[in-house]
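# Working through the structure, step by step
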Amino acid sequence: MPTPSKDAIALLKADHRAVEELFAKFESARGAPAQAKIVRQICNELIIHTMIEEEIFYPGVRTNVEADLLDEAYVEHDCAKVLITELLEAEPDEDFYKAKVSVLQEQIEHHVKEEEKRSEGLFAQAKQNGADVDALGEQLLARKQELLAMAKTDELPPPMLATMTPA
């Protein structure tokens, strides 16, 4: 097994690709049980990804990126967390289940595009402005491994909103 990259941006982009693959698997899955299993995987991946970004990456690059862009990323996370929470509590045959998955996918695609934009995206700004992506990557990887272990035993904490007051 290859050693995972310690570059924080490479790690986060790998997460993005993994979630994109899971959304594609959801679209081709047949039957509610198969779809529900994939949705749980998507939700767990996104919970872990948002946690490591919000706990480590975003604070670590705050001085290297435009404040408005970073604030928008937090709000986008919160919007996704609302849908993640609803999907984790729902049954796949409930009204709006597939619509929520679809909207979550659209939100994540937008968020990824904002982070990965070539010259002015969050990742590009962080790298161009001197963020220590290797040190951040080591921290991200360690925390991600902890969270993956928690997910295996269903002990992953529920998504916590950072910018919004729950209804």
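First, a word on what this report is: a plain description of the structure on this page.

Rules used in this analysis
- Residues numbered from 1 in each chain as written.
- Predicted model: local features only at pLDDT ≥ 70, side-chain atom pairs only at ≥ 80, totals over all residues.
- Heavy atoms only, no water.
- Helix = DSSP H or I, 4+ residues; strand = E, 2+ residues; numbered from the N terminus.
- Buried < 20%, exposed > 50% of the residue type's maximum accessible area, 1.4 Å probe, protein only.
- Contact = heavy atoms within 4.5 Å.
- Areas by Shrake-Rupley, 256 points an atom, 1.4 Å probe, with all protein chains shown as cover.
- Lys, Arg positive; Asp, Glu negative; His and termini not counted.
- Charge placed at Lys NZ, Arg CZ, Asp CG, Glu CD.
- Expected span 1.5 Å × (residues − 1).
- Bend = angle between axes of the 7 residues up to and from the residue.
- Axes fitted to C-alpha atoms, helices over the stretch in contact; angles between N-to-C directions.
- Parallel < 35°, antiparallel > 145°, perpendicular 65-115°, else oblique.
- Left-handed = near helix turned anticlockwise from the far one by under 90°.
- Nonpolar A, V, L, I, M, F, W, Y, C, P; charged D, E, K, R; others polar.

### Quick word on the overall build of the chain
Across its full length, the chain holds 6 helices and 0 strands. Taken from N to C terminus, the helices and strands of the chain fall in the order α-α-α-α-α-α. When the backbone C-alpha atoms are referred to their principal axes, the chain occupies close to 50 × 40 × 25 Å. A buried classification covers 44% of the 167 residues belonging to the chain. The contacts in the chain between residues at least 6 apart in sequence include a share of 76% that link residues at least 24 apart. By element, 53% of the accessible surface of the chain is carried by carbon and sulfur atoms, the whole surface being about 9300 Å². Charge-centre separation for the chain: the mean point of 18 positive side chains lies 5 Å from the mean point of 33 negative side chains.

### Some thoughts on the environment of A80
Its location among the elements puts A80 in helix α3 (residues 67-89). Given a relative accessible area of 3%, A80 falls into the buried group. Taking C-alpha positions, A80 is 11 Å from H110, a pair spaced 30 residues apart along the chain.

### Thoughts on helix α2 (residues 32-61)
In this model, α2 (30 residues) spans 40 Å end to end at C-alpha, consistent with the 44 Å of a helix rising 1.5 Å per residue. Remark: the principal bend of α2, roughly 45 degrees, maps to E54.

### Let's talk about the environment of E115
Structurally, the position occupied by E115 is in helix α4 (residues 97-116). For the pair E115 and Q125, spaced 10 residues apart in sequence, the C-alpha separation works out to 9.3 Å. With residues up to four places along the chain from it excluded, the contact list for E115 reads H16, H49, E53, Y58, G121, L122, F123 and A124.

### Topic: the packing of α2 against α3
Each pair of packed helices can be summarised by the angle the axes make with each other and by the distance between the axes. Between α2 and α3, the least distance of the axes is 10 Å, while the angle of their chain directions is 155 degrees. Here α2 is positioned roughly antiparallel relative to α3, judged by the angle of their axes. Crossing geometry of α2 relative to α3 is assigned as left-handed. Residues V39, R40, C43, L46, I47, T50, E53, E54, Y58 and P59 of α2 lie in contact with α3, whose contacting residues are L70, A73, Y74, H77, K81, I84, L87 and L88. Across the contact of α2 with α3, the residue classes break down as 12 nonpolar, 2 polar and 4 charged.

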